[in-house]
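Coordinates in review
Residues per chain are reported as follows:
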Amino acid sequence: ELTKLDAVPLTYIRVEGAPSDDELTDTLFRITQSMKDDLRRQRRSVNIMDMRRASVISAAQRRASSVWMKEHTPLFEQSCMGAVFIIASPLVRGVLTALLWFQPMKLPHDVVPDLDAAVRWAIELFDREQVEVPERVRRELGRVFDTSS
């Protein structure tokens, strides 16, 4: 699931379960289109990647995702102001944090336990970059994405 807010350049990507190969291809295509859309609109977004309900993907899918990342790194760096990963498990958060120390991203990033923390982190980045954030987003935090469905 990919949700963008028009009021603020914030993109929420929620991964649930283990996607089929077609679902993974579709998700990567939609993320690519979202980044291209941000470039056309001359804005850089903060991407929230919610991995709390994700399952392990196959080795072939990991390879395909890695190839996609390498091919799209320039687009990602041009269209993205920052990225925040939501991972519920403290152990897995620690592993990802350590990996990002050894293979750092070229843009601000963090690993957090929940959606409110992710939106809070994005707001802090927007504030530093002097991007206006509507009061509704500040007040509702993760609820702006209405993730109940």
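Scope of this entry: the structure provided in the associated data block. Predicted model only: the values in this text are computed from it and were never measured.

Another point: the pairing of strand 4 (residues 80–86). In terms of burial, strand 4 is largely enclosed, as seven of its seven residues are buried. Sheet topology places strand 3 (residues 45–54) next to strand 4; six bridges connect them, and they run parallel. The residue of strand 4 that forms the bridge with methionine 49 is phenylalanine 85. In this view, the connection linking strand 3 to its parallel neighbour strand 4 by way of helix 2 (residues 59–79) has right-handed handedness. Bridge count for strand 4 against strand 5 (residues 109–112) is four bridges, and the pairing is parallel. Each residue of the ladder has a partner; that of phenylalanine 85, found in strand 5, is valine 111.

Let us look at the packing of helix 1 (residues 21–40) against helix 2. Packed helices, taken two at a time, are described by their axes: the angle between them and the distance between them. In contact at an axis separation of 10 Å, helix 1 and helix 2 are set at 5° when each is read in the N-to-C sense. Considering their axes alone, helix 1 and helix 2 lie roughly parallel with respect to each other. Here Asp21, Leu24, Leu28, Ile31, Thr32, Met35, Lys36, Asp38 and Leu39 of helix 1 lie close against helix 2, whose contacting residues are Gln61, Ser65, Trp68, His72, Leu75, Phe76, Gln78 and Ser79. For the contact of helix 1 with helix 2, a count of residues per class yields eight nonpolar, six polar and three charged.

Analysis parameters
- Per chain, residues are indexed from 1 in the order of the written sequence.
- Only residues with pLDDT of at least 70 are given local features in this predicted model, and only at 80 or more are side-chain atom pairs given and counted; all residues enter the totals for whole chains, interfaces and linings.
- Heavy atoms from the whole structure form the basis of all side-chain values; hydrogens and water molecules are not counted.
- Note on classification: 1.4 Å probe, protein chains only; a residue is buried when its accessible area is under 20% of the maximum for its type, exposed when over 50%, partly exposed between these limits.
- By definition, any uninterrupted DSSP run of H or I lasting at least four residues is a helix, any uninterrupted run of E lasting at least two residues is a strand, and each is numbered from the N terminus.
- Between any two strands, at least two bridges found by DSSP are needed for them to pair.
- Think of it like this: strands point away, you trace from the first strand over the helix to the second, and a clockwise trace means the crossover is right-handed.
- Only the contacting stretch of a helix is used when fitting its axis, a line to C-alpha atoms as for every element, and angles between N-to-C directions run 0 to 180 degrees.
- Angle categories: roughly parallel below 35 degrees, roughly antiparallel above 145, roughly perpendicular from 65 to 115, and oblique for all the rest.
- Whether two residues are in contact is decided by their heavy atoms, any of which lying within 4.5 Å being enough.
- Put simply, Ala, Val, Leu, Ile, Met, Phe, Trp, Tyr, Cys and Pro go in the nonpolar bin, Asp, Glu, Lys and Arg in the charged bin, and everything else, Gly too, in the polar bin.

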